[in-house]
Amino acid sequence: MSMSDSDSSQSGDFQTFRQITRERLLYEMLRSTKVKDSKSAWKVLIMDKVTVKIMSYSCKMVDITEEGVSLVEDLSKRRQPLPTMDAIYFIQPTKENVVMFLSDMSGRSPLYRKAFVFFSSPIHKELVAQIKKETRVLPRIGALSEMNLEYFAIDSQGFVTDHEKALEELFGENVEGSHKYNACLNTMATRIATAFASLREYPYVRYRAAKSSLDVSTVTTLHDLVPTKLAAAVWNCLAKYKCTIPDFPQRETCELLIVDRTIDQIAPIIHEWTYDAMCHDLLNMDGNKYIYEVQVETKDGKTETEKKEVLLEDHDPIWLELRHAHIAYASERLHEKMTNFITRNKAAQIHHSSRDHGELSTRDLQKVVQALPNYGEQIDKLSLHVELARLSADDMNAVNSMRYLGRSDTKKTSRGFFSLKFDVHRKKHAVRKERNDEEKTWQLSRFYPMIEELIEKLGKGELPKDEYPCMNDPSPTFLGTSQSVPVRTAHFQPAHSMRSRRTATWARPRNSDDGYSSDSILRHASSDCKRMGQRIFIFVIGGMTRSELHVVHKLTSKLNREVILGASSLDDPPKFITKMKMMSAQELSLDDLQL
């Protein structure tokens, strides 16, 4: 049976990509299992190692509890029988998972009273037939549905497919035709397609063309065909959705561009100066979770250390305002907010005046700014490390592995020094654009990923068709009378998303109107809602960076089109360099290395 998403559109409030994901999980899945005549008010939620990550990126435990779930269990572990309770299974449609589910619900004494089963992606007909054969299990199944939600919403406008070894398995040495190569490509395509299923979007699928299609003298390698193969696989998944998912668009509603890490090999090894990037680079964070220590006063007047845990996410208005700001500006802004808060809030004034060192907060912020030159020194060292001869054998593996990405040329000089020259293939499109129209403050410490120019050209309809062809070959009316005509000014009236689309006002740099509180940002989010143009999706095979994630937030406002970035993983510089080493040292595993 299929589930309606009517419950997920209960209000007209602004919804981000991750909020839509959250509502599908909570309302379309969990809430739909509430049956009036059910004897059990509380249910058990059973997930596998993949779906539990999907859920944790979008929902909190309190959200799940409010939907009637009292216990969360691991499908692969031995579980206590709860025959008076109903169970919700959110699992991948694998043979192993189906066997375990049938084992739970078969026999005279099943583990649970009734089972509501939701698969994260399309299930094979053979597995459906296997379930139907179990005559004792069928009456105990309350729902059997494909959620088609198998991506990880790491950001309000970003997702990953959780393929940490994509570089190794798709671009590594001697991977052609291997099982890992095909499995990685097919699973990645399936998970990308489920993102469009969730948003009820049907995209024009464009991709970076292989070099041989532009130059007949160039030999095509399997590495160079990865974007083409992935685009074809995604296209096949979407074609099936058109026939199987109710209310799925029958004509194109958005654009998808599939590229790989060859478009910009510099971005993954550059440390960004934004508040978001530096928090993840310098602090020992677990995803978006940060644990820190504070001094608290006990009842007997003594001081002790207490650990606090916070999530740096969209519900925090200060994080929304400053996450993409330069660290120096963020420091100044925080100091300004604290100063204004103390002057306006009476309780804060009393607490502040009672401290021995009233200027401590100012000094703390000053130390952050003073530490910036030291961080700049680390960036200089990293750049020097990539450019010189005389690297360690381990680091040489990382540099040598650049050739597997198909855009580098390595050779040794007569002196034995090593040089790395990146091939600026299609130079007129590959040169990093000067941003003279951007804000001048902190200009020298800003980095502009190549992806920014690609998205801008895609949004204007100026992306060359020969270099970035389209799987569904859009008609001339879609791109306008010429390639230089922006999409939104063409005669073609674009189809809109099946779900509501609103302006992501939180992505804009906005100062609080009250001088010290950022709550106004959240208040303005719903008041500024308006209909936007078609969504733009871009997917990077080989991993995205935080600088690229920053770009999609910025361009959403600039283009008046919601831009969503997907990738096989989210990488910082040390992690990316380790992956490059793995491409030449496949006997190791990422699990063996401390990242």
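Owing to the predicted nature of the structure, the values given are computational and were not obtained by experimental measurement.

Caption draft 1: Molecular detail of the packing of aromatic side chains. Going through the model one piece at a time under the given rule, you end up with twelve aromatic pairs. A centroid spacing of 5.7 Å and a plane angle of 45° characterise the contact between F17 and F159, whose relative ring orientation is tilted. Here F159 lies in strand 7 (residues 158–160) and F17 lies in helix 1 (residues 17–30), a separation of 142 residues in the sequence. Given a relative accessible area of 3%, F159 falls into the buried group. Three or more aromatic residues joined by ring pairs make a cluster, and in this case those are F17, Y151, F159 and F539. When the ring centre of F152 is taken as origin, the NZ or CZ atom of K53, which lies over that ring, is 5.5 Å away.

Caption draft 2: Looking closely at the pairing of strand 10 (residues 289–297). Pairing geometry for strand 10 and strand 11 (residues 303–311), over nine bridges, is antiparallel. Looking at strand 11, one finds that E297 is bridged to T303. Connecting strand 10 to the antiparallel partner strand 11 that follows it, the hairpin turn spans five residues, and G301 within it adopts a positive phi of roughly 85°.

Caption draft 3: Expanded view of the nonpolar core. Within the largest apolar cluster, 91 residues are counted, with the highest numbers of intra-cluster contacts made by F90, L170, L230, I258 and I455. By residue number, the principal contributor to this core is helix 7 (residues 179–199), which donates eleven residues. Those residues in contact with L230 that lie beyond four places of it in its chain are L185, M188, A189, I192, I258, F539 and I541.

Cut-offs and rules
- Residues numbered from 1 in each chain as written.
- Predicted model: local features only at pLDDT ≥ 70, side-chain atom pairs only at ≥ 80, totals over all residues.
- Heavy atoms only, no water.
- Phe/Tyr/Trp six-rings, centres within 6.5 Å; stacked < 30°, edge-to-face > 60°.
- Helix = DSSP H or I, 4+ residues; strand = E, 2+ residues; numbered from the N terminus.
- Buried < 20%, exposed > 50% of the residue type's maximum accessible area, 1.4 Å probe, protein only.
- Lys NZ or Arg CZ within 6 Å of the ring centre and 35° of its normal.
- Pairing = 2+ DSSP bridges.
- Core = buried A, V, L, I, M, F, W, Y, C linked by side-chain atoms within 4.5 Å.
- Contact = heavy atoms within 4.5 Å.

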